[in-house]
Amino acid sequence: MEYSFASRMGGLHASAIREILKFTADPSVISFAAGNPAPEAFPKEEVERIADRILRENPIAALQYSITEGYAPLREALKADLSARLGIGRAFDELIITSGAQQAIEHCCKVLINPGDTILCENPSFVGSLNAFKSYEANLVGVDVEDDGISVEKLESALKQNPDAKLLYVIPTFQNPSGATMSLEKRRAVYRLCREHGVLILEDNPYGELRFRGTDLPTIKSMDEDGIVLYCGSFSKVLSPGLRVGYLCAPREFAQKVVVLKQVSDVHTNILAQMICHEFMTTTDFPAHLARLKEIYRHKSSLMLDEMRRQLHPRITWVEPEGGLFIWCRLPEGVNMVDFCNRAVRNKVAVVPGTAFMPHDKDRTQCFRINHSTPTDDQIRKGIALLGELSHEIL
């Protein structure tokens, strides 16, 4: 049968990252392509204990339908934590639990975006969000990311050139893929400019709790006195991505629209998973768990950066992240970046070409992304050595 697909499918392609990960089915390939937490970061014993207790003591609540907004104890615990730790949440805000931050992002699009509406986003940006925007046939306008975050000058220009823009999407802290952290001055400027131009900000913060160098910076949402910031968070990087528990803090009127969408999407986020997240937050030493994660990623990041300085050709440059999971490498002009990535995987090390993170297929970049969280120490050493050999061969 010949299928007639919806027009929105025309701009969507399979994730380049997922396609690259197919190569890693070969156990001889070292993968720097994934964005997964470190295997040693999972608190397996604690989760097993918590799940066992829930299913013994409160099985019906864990297995029955529940309310769309989310498991009430988890919502209250998150509200208290976000308020105390990050200054997030005003009287006009509400918090709802979503099936990962990806669903929160997709539902924000569904609430706001009509075909042809303009979304401003960082260039480069997270491929999952870019595909969500494209699925609603949005007009994407990329704004370049500098070493200290989005270019304020280019953002102001984009806002003036796109007066009907509805949304700015940003990952201010340990940005995916660039690893850059937006400076405090730029965060304030982004909030001011969007308020002046009547544009909502979608702040995605999946990595903010994984800072292993430098000083914490306030979120843009903590500055929100006008109800213009939609804030996404997740348990994926601090507990488990497989649980698929994220959350959205947004003005109540907006959040209520998302609730309606969840009712026609998945009814509610997995309740057992929400109960596990709540119990983990409130019955374990959560700060100690986060400190352990930071130490794991501090070690892995430092090891990879040390090996890069030692092994890679000096004409390859990168942003040194203060947290998160990624390092964004730049090849010199004249080197074919896609060919470099293809040759790397043939040499048994997988990296992600930077074009995967561009708002438009035609956008070019000399960058590629590598990940330090998933590989072992030995794989980091061996993989960077292989990239080093390739870099010296090409350059």
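Summary of the structure given here. (Residues numbered from 1 in each chain as written. Predicted model: local features only at pLDDT ≥ 70, side-chain atom pairs only at ≥ 80, totals over all residues. Heavy atoms only, no water.)

### Description of unusual backbone geometry
Definition in use: Only DSSP runs of H or I covering at least 4 residues are called helices, and only runs of E covering at least 2 are called strands; the numbering of each starts at the N terminus.
Asn123 connects to Pro124 through a cis peptide bond whose omega is 10°. Its place among the elements puts Pro124 in the loop between β3 (118–123) and α6 (127–135). Residue Pro177 is bonded to the preceding Asn176 through a cis peptide linkage, with omega at 20°. Within the fold, Pro177 resides in the loop between β6 (167–170) and α8 (184–197). Backbone geometry places Phe174, a non-glycine residue, at a positive phi of 55°. Take Phe174: it is sitting in the loop between β6 and α8. Positive phi outside glycine occurs at Val267, with the angle close to 70°.

### Some points on the side chain of Lys186
Short version of the rule: Each polar contact in these results corresponds to two N or O atoms within 3.5 Å; when the atoms are within protein, one needs to be able to donate a hydrogen and the other to accept it, and residues that are neighboring in sequence are counted only if both atoms are side-chain atoms. Contacts: residue pairs with any heavy atoms within 4.5 Å of one another.
Tracing the sequence through the fold places Lys186 in helix α8. There is a polar contact of 3.2 Å between the side chain of Lys186 and the backbone oxygen of Gly149. Those residues within four positions of Lys186 in sequence are excluded, and the remaining contacts are Glu146, Asp148, Gly149, Ile150, Ser151 and Val152.

### Let's talk about helix α7 (residues 152–161)
In plain terms, the rule: To sort residues, take the accessible area from a 1.4 Å probe on protein chains only and compare it with the maximum for the residue type: under 20% means buried, over 50% means exposed, and anything in between is partly exposed. Summarising the geometry, the arc corresponds to the directions from the helix axis toward the C-beta atoms.
When α7 is considered as a whole, its buried residues turn out to be Val152, Leu155, Ala158 and Leu159. Buried residues in α7, looked at end-on, bunch into an arc of 120°, giving them a common side. Of the exposed residues in α7, those oriented more than 90 degrees away from the buried face are Glu153, Lys160 and Gln161. Where α7 is buried, its residues touch β3, β4 (139–146), β5 (149–150), β6 and α8.

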